[in-house]
Amino acid sequence: MLAETDVVIVGGGLAGLAAARRLHRAGVPWRLVEAGDRLGGRVATDMVDGYLIDRGFQVLNTAYPRLGTLLDTNRLNLGYFTSGVLVRKGDKLLRMVNPLREPTGGPGTALAGVGSLLDRLRFAALATGCATLPPSRLLAAPETSTETALRRAGLSDAIIEELLRPFLSGVLLDRELATSSHVLAMVLRSFARGRIGLPAEGMAALPRAIAAPLPADLLDLDTPVAEVAPGRVRTQAGDIRCRAVVVAVDPPAASALLPALATVRMHSYTTYYHSAAEPPLAEPILLIDGDRREIVANTVVLSNATATYAPAGRHLIATSVVGPTAPPEPTIRAELTRLYGRSTADWTHLTTVAVPQALPAAPPPQGRLRKPVALGECLFVAGDHRDSPSIQGALTSGWRAAGAVLDELRAG
Ligand SMILES: Cc1cc2nc3c(=O)[nH]c(=O)nc-3n(C[C@H](O)[C@H](O)[C@H](O)COP(=O)(O)OP(=O)(O)OC[C@H]3O[C@@H](n4cnc5c(N)ncnc54)[C@H](O)[C@@H]3O)c2cc1C
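Residues numbered from 1 in each chain as written. Predicted model: local features only at pLDDT ≥ 70, side-chain atom pairs only at ≥ 80, totals over all residues.

### Describing the domain arrangement of the protein
Annotation of the protein at the domain level lists domain 1 (3-43 + 204-265 + 367-411), domain 2 (45-81 + 266-360) and domain 3 (96-194). Only helix 1 (14-26), helix 9 (205-211), helix 10 (251-257) and helix 13 (391-411) provide two or more residues apiece to the side of domain 1 that touches domain 2. The element that contributes the greatest number of residues to the side of domain 1 that touches domain 2 is helix 13, accounting for 5 residues. In terms of residue class, the side of domain 1 that touches domain 2 is made up of 13 nonpolar, 3 polar and 5 charged. (Domains from an automatic or database assignment. Helix = DSSP H or I, 4+ residues; strand = E, 2+ residues; numbered from the N terminus. Nonpolar A, V, L, I, M, F, W, Y, C, P; charged D, E, K, R; others polar.)

### Focus: the sheet that holds strand 14 (residues 238-241)
Read from one edge of the open sheet, 4 strands run 1-14-13-12, paired in mixed fashion. A strand with exactly one partner marks an edge of an open sheet, and here the two such strands are strand 1 (3-4) and strand 12 (225-229). (Pairing = 2+ DSSP bridges.)

### So, unusual backbone geometry
The step from Pro-364 to Pro-365 runs through a cis peptide bond, and the omega angle for that step is 0 degrees. Among the secondary structure elements, Pro-365 is positioned in the loop between strand 20 (348-360) and strand 21 (374-376). Even without being glycine, Glu-294 reaches a positive phi, approximately 60 degrees. With respect to the helices and strands, the residue Glu-294 is situated in the loop between strand 17 (286-289) and strand 18 (298-301). Glu-294 gets classed as partly exposed once you count the C-beta atoms within 10 Å, which come to 15. Phi angles above zero are rare outside glycine, and Glu-377 is one such case at about 55 degrees. (Buried ≥ 20, exposed ≤ 12 C-beta atoms within 10 Å, placed from the backbone.)

### Some details on the site of the ligand
What surrounds the ligand is a group of 34 residues, the closest being Gly-11, Gly-13, Gly-41, Gly-56 and Gln-58. When residues of the shell around the ligand are traced back to their parent elements, those giving at least two are helix 1, strand 20 and helix 13. Taken together, the residues that form the shell around the ligand break down as 19 nonpolar, 11 polar and 4 charged. Of the residues that make up the shell around the ligand, three or more belong to each of domain 1 (3-43 + 204-265 + 367-411) and domain 2 (45-81 + 266-360). (Near = placed C-beta within 6 Å.)

### Focus: the nonpolar core
Among the nonpolar cores identified, the biggest contains 124 residues, and Val-10, Ala-19 and Val-246 are the most heavily contacted of them. Filtering out sequence-adjacent residues up to four positions away, Val-10 remains in contact with Val-33, Val-225, Val-228, Val-233, Val-245, Val-246, Val-247, Ala-248 and Val-249. (Core = buried A, V, L, I, M, F, W, Y, C linked by C-beta atoms within 7 Å. Contact = placed C-beta atoms within 7 Å.)

### What to know about the packing of helix 1 against helix 13
Taken N-terminus to C-terminus, the directions of helix 1 and helix 13 make an angle of 40 degrees; their axes are 7 Å apart at the nearest point. In this structure, helix 1 crosses over helix 13, and the sense of that crossing is right-handed. Contacts between helix 1 and helix 13 involve Leu-14, Ala-15, Gly-16, Leu-17, Ala-18, Ala-19, Arg-22, Leu-23 and Ala-26 from the first element and Ile-391, Ala-394, Leu-395, Ser-397, Gly-398, Trp-399, Ala-401, Ala-402, Gly-403, Val-405 and Leu-406 from the second. Looking at the contact of helix 1 with helix 13 residue by residue, the classes come out as 15 nonpolar, 4 polar and 1 charged. (Axes fitted to C-alpha atoms, helices over the stretch in contact; angles between N-to-C directions. Left-handed = near helix turned anticlockwise from the far one by under 90°.)

### Structural notes on helix 12 (residues 329-340)
Counted at 1.5 Å a residue, the expected span for helix 12 with its 12 residues is 16 Å, and the 16 Å between its end C-alpha atoms agrees. Ile-332, Glu-335, Leu-336, Leu-339 and Tyr-340 are the residues of helix 12 that are buried. Seen from one end, helix 12 has its buried residues packed into an arc of 115 degrees, which puts them on one side. Contact partners of the buried residues in helix 12: strand 8 (84-89), strand 16 (266-276), strand 17, strand 18 and strand 19 (315-322). (Expected span 1.5 Å × (residues − 1). Arc of directions from axis to C-beta.)

### Here's the deal with helix 7 (residues 157-172)
Between its first and last C-alpha atoms helix 7 spans 19 Å; for 16 residues at 1.5 Å apiece the expected length is 22 Å, and the helix comes up short by more than 12%. Helix geometry: helix 7 is bent most strongly at Leu-164, by close to 45 degrees, with proline Pro-166 lying one to four residues after it. With respect to burial, helix 7 is a largely interior element, 13 of its 16 residues being buried. At the exit of helix 7 stands Leu-173, carrying a positive phi of roughly 55 degrees. (Bend = angle between axes of the 7 residues up to and from the residue.)

### Observations concerning the environment of Ala-402
The residue Ala-402 is located in helix 13 in this model. For Ala-402, a count of 31 C-beta atoms within 10 Å corresponds to the buried category. Along the primary structure Ala-402 and Ala-382 are separated by 20 residues, whereas in three dimensions their C-alpha atoms are 8.8 Å apart. Every residue in contact with Ala-402, bar those within four places of it in the chain, is listed here: Ala-19, Arg-22, Leu-23 and Val-246.

Below, the structure is given as structure tokens:
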């Protein structure tokens, strides 16, 4: 293949697709080349024995600002989780809900026993500040690690270790809570302002919906890019000449294609999927471990939120572990028996999905969560490592990179 176009986008994950959408809207000739046999990158869903198995438990937050530009989330038929968590503490299951989204659960949460009442009020004040202050103010605040920010907010060891570390480690994929406090602020903002849910057809419905308006003949699958240079992209099938290149691959691949980029450490995540005839809980709510065992980050009955995740009469449970070492399934099952407080002997282990390079680490300093996307010589970079490590970060980075391309092409 020897082709020519104005812009080549390398990588068909959320960042690459968002970039394609903006260039397409602007009427600029473009082409997207993706190494894999499908679009969506780290957002993928497989059908296993009639169950929808996402490649690692992940959720869509409706408060992500970039979603609205790219799709109508109503068309994903999202099933929603309760805005809150259940915490296993000894023989108790404590329900902590977000009073802004679940007003009837608020008083119970204030009285529930994770941390002191003062802790819960301080955390509510922190989350409310993140939800209501403009992002420009949140991102101008002094930056530190997540753990330091929580301690500086006056939160006790009890609420950090029994609620916030298990909960946030499952979101940031970072048990050390070394992630930047600016990322924490944006995470708390999204959780306070939005709802989290799963599309009826699995998380892969998200990239599918974003790609839907794009002409299929401009999306080259099974086309790994070996090299990029100003004005040229080298694939196994030949070179594509172009005016600009957007490298929208995952962080390790980005530093291979663009050696000038700093390498980014990646966090690992493993999700164990079980099926059961009876759901261990009736509610679509995340269950976390307040007993400080730090094996399981969270467990949830997915089919309580979105019934299509399991065949009729069955239920799907996803249990996630953060870090490079994933315990054997029997260890996880023993934890599940304790966490849910009931036998799991009749559950079926469907599969385990390990994602060794799930999310880029984002320690301070991350500044305003806007790393440069224009590298000079008409080379551009997008991906969740340029903004916040999230679906929102990937989409925004792609949108931003395409905007920078358009500025450059107009200027040239
Ligand atoms: C298990 C898991 C759980 C998560 N949970 C959440 C969550 O709950 N909420 C949230 O907001 N975010 C979550 N995330 C993060 C979110 O999924 C990612 O931030 C986002 O999908 C990254 O998109 P991207 O386009 O930047 O990169 P990617 O999705 O990695 O896309 C990059 C694409 O580039 C392609 N590529 C790589 N090399 C080449 C090459 N040489 N040539 C051509 N193509 C190439 C890849 O095949 C891939 O398709 C989770 C991620 C994982 C893995």
